[in-house]
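Observations on the three-dimensional arrangement
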Amino acid sequence: MRVPNYIHYRAWLCIVAMPLFFSCASYNTKLSRYYSQVRTNNFEAADKELEASNFLRADRNRLLYLLEKGKLLHLQKKYDSSNIYFNAADQFFETENKNIGDYTAGLLTTPMNQKYLGEYFERYMMHYYKALNYMALGNVSGARVEARRITLSANDIADDKRYNTRKYTKDAFAFNLQGLLYEANGDINDAFISYRNSVDLYLKGKLEFYGVAVPPQLQMDLLRTAQQLGFEDQVDKYRRELQFTKPIDKPAAAELVIFLEQGFGPVKGETTLNLIKVGNTSMFSYVDAFGNAIDIPFSWGWYTGNVGMVDAGNVRNMRVALPTYILQSQFQKFPTVYVNGLTVQPQMVQNINNLAVACLQERLLKEIADAMARQLVKIGMEKGVSSATTAISKNNNNGKTDSDKKAKAEAAGALAGLLVNIVNNVTEKADTRNWQTLPAFISYVRVPLKEGDNPIELSYNGNQKKWTVAAKKGLQIINWNAKYKN
């Protein structure tokens, strides 16, 4: 049967046009107008940009929409509304997974077309903002429930099978926050357990957790709650392990914790690696930024056995695109905090810059393997289209000599393969999505309050905030985002 020539032209036209459906812009670039409005304090304008973004409202980006909307409403002090979106995000984290359609979209086009499931630290930061919302609303019992949610998330993350090698599953900052929330509810035993879980993560990292030294305040809180409970063996144990020699504070009748958020969190960009096959092995190699040759083992497995369109032995090199973090705020300058006229020194408690980069580095081999699999499928597509076009062209060249048929068919197949190769190169993009309204750094102070109103003053990089806090029995928890003038 003769296949009309216009079929060829339409097929080639579709192949050439395919790159138009896959924007080369990064996630940050696509939402630049929204982020610009947020950074300049135009929250209402930012909300309009957010709602107008068809990209962010797509099902595959639903989690990012919920996180951004929740944070934007938090910045506007609309705490009830903020938690509506954060609760939806919490449910998303708990229930959503990639399906076969996601994997197919990632293999045939770009992982940006897959459902975004979030970074582990983004899940913990969602709990942080939810808890702050509850505390701002005076809903201390709601904050206690959120404290329990942190443990549930830690368990879910530990069971997550997305990454074979997972170093970061628990978060020292999240457990520290959990302890404070329990204390605010008067649950000293649960607070002690949370503080101990946090400190144990620091001790596991030799008194550091992803570049953050164990905060002296956390050490004090752990020892104080242990002493309150009469756990003298725990007091002795952690005094020794932390080399803590100061007297342990007595619990105050009224206290205030202020979380100070600074800078802009990192955004995801893209880098490319040229992978060269090592001899006849299943190993590929690339040269890192320091000139070191890094070997990457890769099992061809399912892709060669089931796709069947490409001989692994003939694949000598690949170009793969990988996500990388770009730091927006690289240096931290601690705010000046005055409480009742006295200067209080903030303590670093979370460095999202370090955490984000380290978490991505921990799964680098997985990212490379996924990118290689994606390229292998695309190479198979290229060869398949080339072969199919060659066969169709032979059938259409009736009346030609065998040599003419073969030459024209091979030329048509080569052209089709070239066009698919161009499409594959254009659509080889890394997933550059992430929650980008997170701060770069979080520090905190914990101070006793005097009876009555207590004047608080914060000063950072020309950005000041003054207000008074009425002393209430127990612990109050608030936050101040130093990058916005609120």
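For the structure, check the block above.
Heads up: these notes are all about the structure in this document.

Rules of the game
- Residues numbered from 1 in each chain as written.
- Predicted model: local features only at pLDDT ≥ 70, side-chain atom pairs only at ≥ 80, totals over all residues.
- Heavy atoms only, no water.
- Helix = DSSP H or I, 4+ residues; strand = E, 2+ residues; numbered from the N terminus.
- Buried < 20%, exposed > 50% of the residue type's maximum accessible area, 1.4 Å probe, protein only.
- Contact = heavy atoms within 4.5 Å.
- Areas by Shrake-Rupley, 256 points an atom, 1.4 Å probe, with all protein chains shown as cover.
- Core = buried A, V, L, I, M, F, W, Y, C linked by side-chain atoms within 4.5 Å.
- Phe/Tyr/Trp six-rings, centres within 6.5 Å; stacked < 30°, edge-to-face > 60°.
- Pairing = 2+ DSSP bridges.
- Axes fitted to C-alpha atoms, helices over the stretch in contact; angles between N-to-C directions.
- Polar contact = N/O pair within 3.5 Å; in protein donor to acceptor, adjacent residues only side chain to side chain.
- Parallel < 35°, antiparallel > 145°, perpendicular 65-115°, else oblique.
- Left-handed = near helix turned anticlockwise from the far one by under 90°.
- Nonpolar A, V, L, I, M, F, W, Y, C, P; charged D, E, K, R; others polar.
- Salt bridge = Lys/Arg side-chain N within 4 Å of Asp/Glu carboxyl O.
- Arc of directions from axis to C-beta.

If you tally the helices and strands in the chain, you get 18 helices and 14 strands. Scored against the burial criterion, the 486 residues of the chain give a buried share of 50%. Looking at the chain alone, contacts between residues at least 24 apart form 74% of all its contacts between residues at least 6 apart. As displayed, the chain has an accessible area near 22800 Å², and 52% of this comes from carbon and sulfur atoms.

Turning to the nonpolar core, a few remarks are in order. In this structure, Phe 121, Met 125, Tyr 128, Phe 259 and Ile 477 are the most contacted members of the largest nonpolar core, which totals 87 residues. Residue contributions to this core peak at 11 residues, all from helix H9 (residues 120-136). With residues up to four places along the chain from it excluded, the contact list for Met 125 reads Phe 173, Gln 350, Ile 352, Trp 435, Leu 438 and Ile 442. Grouped together as the second largest cluster of nonpolar side chains are 16 residues, Ala 254, Leu 256, Val 337 and Ile 456 included.

Our focus in this paragraph is the packing of aromatic side chains. Scanning all chains against the criterion turns up 18 aromatic pairs. Summarising the aromatic geometry, the rings of Tyr 168 and Phe 209 are spaced 6.3 Å apart at their centres and angled 45° between planes, so their arrangement reads as tilted. Highlighted residues: Tyr 168 in the loop between helix H10 (140-159) and helix H11 (172-184) and Phe 209 in strand S1 (residues 208-209), separated in sequence by 41 residues. Residue Phe 209 is classed as buried on the basis of its relative accessible area, which comes to 8%. Aromatic pair Tyr 168 and Tyr 210: ring centres 5.6 Å apart, planes at 85°, arrangement edge-to-face. Taken together, the residues span a long stretch of sequence, with Tyr 168 in the loop between H10 and H11 and Tyr 210 in the loop between S1 and strand S2 (212-213) at a distance of 42 residues. A residue is classified by how much of its surface remains accessible, and Tyr 210, at 23% relative accessible area, is partly exposed. Three or more aromatic residues link up through ring pairs in this structure, and these residues are Phe 86, Tyr 128, Tyr 129, Phe 173, Phe 259, Trp 435 and Tyr 444.

Another point: unusual backbone geometry. You will see that Leu 207, though not glycine, has its phi angle at about 70°, which is positive. Structurally, the position occupied by Leu 207 is in the loop between helix H12 (188-204) and S1. For Leu 207, a relative accessible area of 31% translates into the label partly exposed. At Gln 243, a residue that is not glycine, the phi angle is positive and equals roughly 55°. Within the secondary structure, Gln 243 is located in the loop between helix H14 (232-242) and strand S3 (254-262).

So, on to the sheet that holds strand S9 (residues 342-344). Through backbone hydrogen bonds, the strands of a sheet pair up, either in parallel or in antiparallel fashion. Spatially, 4 strands are ordered S9-S8-S12-S13 in an open sheet, and the strand pairing comes out antiparallel. The open sheet has two free edges, formed respectively by S9 and strand S13 (463-470), since each of these has just one partner strand. Averaged over all pairs of adjacent strands, the angle between their axes in this sheet comes to 25°, without regard to strand direction. In terms of strand pairing, strand S8 (residues 336-339) meets strand S12 (residues 453-460) through 4 bridges, oriented antiparallel. The residue of S12 that forms the bridge with Val 339 is Ile 456.

A separate point is the side chain of Glu 146. Among the secondary structure elements, Glu 146 is positioned in helix H10. Here Glu 146 falls in the buried class, since its relative accessible area comes to 2%. Separated by 2.5 Å, the side chains of Glu 146 and His 127 make a polar contact. A polar contact of 3.1 Å, which involves the side chain of Glu 146, links it to the side chain of Lys 130. With sequence-adjacent residues up to four places away left out, Glu 146 is seen in contact with Asp 90, His 127, Lys 130, Ala 131 and Tyr 134.

On to the packing of helix H3 (residues 32-39) against helix H6 (residues 62-75). Put simply, H3 and H6 touch, their axes get as near as 12 Å, and they point 20° apart. Taken together, the axes of H3 and H6 are roughly parallel relative to one another. Once H3 is placed against H6, the crossing between them reads as left-handed. Each of Tyr 34, Tyr 35 and Val 38 in H3 lies in contact with H6, whose residues at this interface are Glu 68, Leu 72 and Leu 75. When the residues that make up the contact of H3 with H6 are grouped by side-chain class, the tally is 5 nonpolar, no polar and 1 charged.

Judged by pairing direction, the sheet is mixed, and its 4 strands sit side by side in the order S10-S11-S3-S14 without closing on themselves. Strands at the two margins of the open sheet, each flanked by one partner only, are strand S10 (347-351) and strand S14 (474-481). Direction aside, the axes of adjacent strands within the sheet are offset by 25° on average.

At a minimum axis separation of 11 Å, H6 and H9 run at an interaxial angle of 35°. Pair H6 / H9 crosses with left-handed handedness. Touching Leu 67, Lys 71 and His 74 of H6 are Met 126, Tyr 129, Leu 132 and Asn 133, all from H9. Considered class by class, the residues forming the contact of H6 with H9 number 4 nonpolar, 2 polar and 1 charged.

On to the pattern of salt bridges. Here the structure, examined in full by the defined rule, presents 24 salt bridges. Residues Lys 115 and Glu 96 are paired through a salt bridge, measuring 2.8 Å at the closest nitrogen-oxygen approach. Highlighted residues: Lys 115 in the loop between helix H8 (100-108) and H9 and Glu 96 in the loop between helix H7 (79-95) and H8, separated in sequence by 19 residues. Relative accessible area serves as the criterion here: at 15%, Lys 115 is assigned to the buried category. Connected via shared salt-bridge partners are Asp 90, Glu 94, Lys 130, Glu 146 and Arg 149.

Now for the side chain of Glu 183. For Glu 183, the position within the fold is in helix H11. Residues within four places of Glu 183 in sequence aside, it is in contact with Ile 188, Ala 191, Tyr 195, Arg 224, Thr 225, Arg 446 and Leu 475.

With that settled, consider helix H4 (residues 43-52). Those residues of H4 that sit buried are Phe 43, Ala 46 and Leu 50. On an axial view of H4, the arc spanned by its buried residues comes to 55°, and they lie on one face. Those residues of H4 that are exposed and aimed more than 90 degrees away from the buried face are Glu 44, Lys 48 and Ala 52. The elements touched by buried residues of H4 are H3, helix H5 (54-57) and H6.

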